[in-house]
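Summary of the model geometry
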Number of protein chains: 2
Amino acid sequence: MVDAPRNTRQRRAVVAILEDLDGFASAQEIHDILKRRGESVGLSTVYRSLQVLADAAEVDALRNDDGEVLYRQCSAGHHHHLVCRSCGRTVEIEGPSVERWADKIADENGFRDVAHTLEIFGTCSSCPA
Amino acid sequence: MVDAPRNTRQRRAVVAILEDLDGFASAQEIHDILKRRGESVGLSTVYRSLQVLADAAEVDALRNDDGEVLYRQCSAGHHHHLVCRSCGRTVEIEGPSVERWADKIADENGFRDVAHTLEIFGTCSSCPA
DNA sequence: CACGATTTGACAACGGTTGTCATGACGATT
DNA sequence: AATCGTCATGACAACCGTTGTCAAATCGTG
Ligand SMILES: [Zn+2]
Ligand SMILES: [Zn+2]
Ligand SMILES: [Zn+2]
Ligand SMILES: [Zn+2]
């Protein structure tokens, strides 16, 4: 049994931001938002908090084209994302048939410990071209 | 009309490596292979060559979990990959129904300039657990 | 050849992320 | 409420893949 993490002001602040945001955001963006709100939290702490949350599967993480990791508090269960490249706005999507297809392909080729990444990127209707 | 790139020893060497490899490899791995073969090419040049090839869609590029960009000379046309996390061995896969599904989802949600990433990662049958 | 334009490569710089470690905060226990 | 061991924090440096710089080398055209 692992000790529960301590309930610190900083961790609460990061979680609060994630609850407010509806899209994906980078660690640095979250750090900036905290600073703007006056609830300053060290950048290292933001990174660590997000890591812990991601390891516990409390937030989803994905990489954008630039290689930055983006985080978002999603609903539970396996799903994928339709993400606006510009503002981060996100729609959770499910594709049961895709899941089955991916597993079948991997199995047919003798691959073990299989995982898949599937994200759709675009520009949302409220963002300029 | 853009000028054709020059036919230099270095560019030829990088292309030759890509032709030999059957899996994805990082710029640094390719650089190491070249050094081992005695056909040394500067690291910057390897990066630049791969960029040019990727821009011209002559090689595919994807990011692994660690954020490194991996390159591979693939067959033409849109496809996805089943990649061994351990040795890079790769199977090209196609999923027409997935393509249609992704476009439909994006359209239904009013997203423009849509692209998608879909990769399957696992351990291939010739790699240890 | 000779020449101009492109490419190369050693090196520095960049940007996101992770490591370090002295300081401070949490919370279980008195 | 005060004590105390432990964990978390944050300023800073280090890391690592990648990109920028620019003088020198190379290409290929004439
Ligand atoms: Zn899935
Ligand atoms: Zn948007
Ligand atoms: Zn393998
Ligand atoms: Zn596709």
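Residues numbered from 1 in each chain as written. Chains lettered and ligands numbered in written order. Predicted model: local features only at pLDDT ≥ 70, side-chain atom pairs only at ≥ 80, totals over all residues. Heavy atoms only, no water.

Points about the coordination of the zinc ion (ligand 2)
Residues and elements named next belong to chain A. Those protein atoms acting as donors to the zinc ion (ligand 2) are C84 (SG), C87 (SG), C124 (SG) and C127 (SG), and they sit at 2.3 to 2.4 Å. The site at the zinc ion (ligand 2) holds 4 donor atoms, and with the angles between them running 102 to 112°, its shape is tetrahedral. Sequence spacing of the donor residues for the zinc ion (ligand 2), all on one chain, is C-x2-C-x36-C-x2-C. Of this pair, C84 sits in strand 4 (residues 80–84) while C124 is found in the segment after strand 6 (112–123), placing the two residues 40 residues apart along the sequence. According to the relative accessible area criterion, C84 is buried, its value standing at 2%. (Donors = N, O, S within 2.8 Å, 3.2 Å for Na, K, Ca; no water. Tetrahedral: all angles 85-135°; square planar, octahedral: opposite > 155°, others 65-115°. Helix = DSSP H or I, 4+ residues; strand = E, 2+ residues; numbered from the N terminus. Buried < 20%, exposed > 50% of the residue type's maximum accessible area, 1.4 Å probe, protein only.)

Some words on the relation of the copies chain A and chain B
Of the transformation superimposing chain A on chain B, the axial component is 0.0 Å and the angular component is 180°, with the fit at an RMSD of 0.1 Å. Put plainly, the chains are arranged around a two-fold axis. Minimal C-alpha separation from the rotation axis in chain A is found for A:L118, amounting to 2.2 Å. In this assembly the copies share their binding face: 100% of the residues contributing to the interface of chain A also contribute to that of chain B. (Least-squares fit on C-alpha atoms with pLDDT ≥ 70 in both. Contact = heavy atoms within 4.5 Å.)

Notes on the layout of surface pockets
Rolled over the atoms, a probe sized like a water molecule indicates the empty space that remains. Taken as a whole, the largest pocket encloses approximately 1,600 Å³ of empty space. A:T117, B:L62, B:R63, B:T117 and B:E119 are, among the 50 residues lining the largest pocket, the residues nearest its centre. Going through the elements one at a time, strand 2 (60–63), strand 4 and strand 6 of chain A together with helix 3 (43–55), strand 2 (60–63), strand 3 (69–72), strand 4 (80–84) and strand 6 (112–123) of chain B are the ones with two or more residues in the lining of the largest pocket. By residue class, the composition of the lining of the largest pocket is 20 nonpolar, 18 polar and 12 charged. In terms of lining residues, the second largest pocket is bounded by 21 residues, among which B:F24, B:L70, B:R85, B:C87 and B:G88 are the most central. Only strand 1 (25–26), helix 2 (27–36) and strand 4 of chain B provide two or more residues apiece to the lining of the second largest pocket. Broken down by class, the residue content of the lining of the second largest pocket amounts to 9 nonpolar, 5 polar and 7 charged. (1 Å grid on protein atoms, 1.4 Å probe; cavity = no way out; pocket = protein on both sides within 12 Å on 5 of 7 lines; lining within 4 Å. Points joined across faces, edges and corners; volume = space filled by probe spheres on them. Nonpolar A, V, L, I, M, F, W, Y, C, P; charged D, E, K, R; others polar.)

Regarding the protein's contact with DNA strand D
Residues in close proximity to DNA strand D total 19 residues, the closest being A:R6, A:T8, A:R48, B:Y47 and B:Q51. Among the atoms of DNA strand D lying within 4 Å of the protein, the sugar-phosphate backbone contributes 60%. Between A:G42 and DNA strand D, the recorded distance is 2.9 Å, taken from a backbone N or O atom to a phosphate oxygen. Side-chain polar atom of B:S44 to a base oxygen of DNA strand D: 3.0 Å apart, as the coordinates give it. Those elements that place two or more of their residues in the surface near DNA strand D are helix 1 (9–20) and helix 3 (43–55) of chain A together with helix 3 of chain B. With 4 residues, the top contributor of residues to the surface near DNA strand D is helix 3 of chain B. A per-class count over the surface near DNA strand D returns 3 nonpolar, 9 polar and 7 charged. (Near = heavy atom within 4 Å. Polar contact = N/O pair within 3.5 Å; in protein donor to acceptor, adjacent residues only side chain to side chain.)

Considerations on the coordination of the zinc ion (ligand 4)
Geometry reference: four tetrahedral donors at a metal, ideal angle 109.5 degrees. Six octahedral donors, ideal angles 90 or 180 degrees. Residue and element names in this part refer to chain B. Listed as protein donors to the zinc ion (ligand 4) are H78 (NE2), H80 (NE2), E99 (OE), E99 (OE) and H116 (NE2); their distances from the metal cover 1.6 to 2.4 Å. When the donors of the zinc ion (ligand 4) are listed by position in the chain, the intervening gaps give H-x1-H-x18-E-x16-H. On the criterion of sequence distance, the pair formed by H78 in the loop between strand 3 and strand 4 and H116 in strand 6 is long-range, its members being 38 residues apart. Overall, the relative accessible area of 16% leaves H116 in the buried class.

So, the sheet that holds strand 1 (residues 25–26) of chain A
Residues and elements named next belong to chain A. The sheet built from 3 strands is open, its strands ordered 1-3-2 with antiparallel pairing. The two strands at the open ends of the sheet, each matched to only one other strand, are strand 1 and strand 2. Bridging between strand 1 and strand 3 (residues 69–72) involves 2 bridges; their strand directions are antiparallel. Following the sheet pairing, S26 is matched in strand 3 by L70. (Pairing = 2+ DSSP bridges.)

Quick look at the pattern of salt bridges
All names here are of chain A. One pass over the structure, following the stated rule, counts 6 salt bridges over all chains. One salt bridge connects R37 with D20, and the closest N-O pair in it is separated by 3.0 Å. One end of the pair, R37, is in the loop between helix 2 (27–36) and helix 3; the other, D20, is in helix 1, and 17 residues separate them in sequence. (Salt bridge = Lys/Arg side-chain N within 4 Å of Asp/Glu carboxyl O.)

Let's talk about a negative patch on the surface
Residue and element names in this part refer to chain A. A surface patch of negative charge is lined by E29, D32, D65, D66 and E68. Tracing the chain through its elements places D66 in the loop between strand 2 and strand 3. Judged by relative accessible area, which is 65%, D66 ranks as exposed. (Patch = residues over 30% accessible without salt bridge, like charges linked within 9 Å, V, L, I, M, F, W, Y side chains within 5 Å. Areas by Shrake-Rupley, 256 points an atom, 1.4 Å probe, with all protein chains shown as cover. Lys, Arg positive; Asp, Glu negative; His and termini not counted. Charge placed at Lys NZ, Arg CZ, Asp CG, Glu CD.)

Describing the interface of chain A and chain B
Across the boundary between the two partners, chain A contributes 39 residues, which contact 39 residues of chain B. Interface of chain A and chain B: buried area, both sides summed, is about 3,100 Å²; carbon and sulfur atoms make up 60% of it. Where chain A packs against chain B, one counts 0 salt bridges. If you look at where chain A meets chain B, you find 14 residue pairs in polar contact (both at pLDDT 80 or more). Of the residues forming the side of chain A that touches chain B, the biggest block, 12 residues, is contributed by strand 6 of chain A. Counted by class, the side of chain A that touches chain B contains 20 nonpolar, 10 polar and 9 charged residues. For strand 6 of chain A and strand 6 of chain B, the ladder comprises 9 bridges, and the chain directions are antiparallel. Each residue of the ladder has a partner; that of A:I120, found in strand 6 of chain B, is B:H116. (Buried area = accessible area lost by both parts, 1.4 Å probe.)

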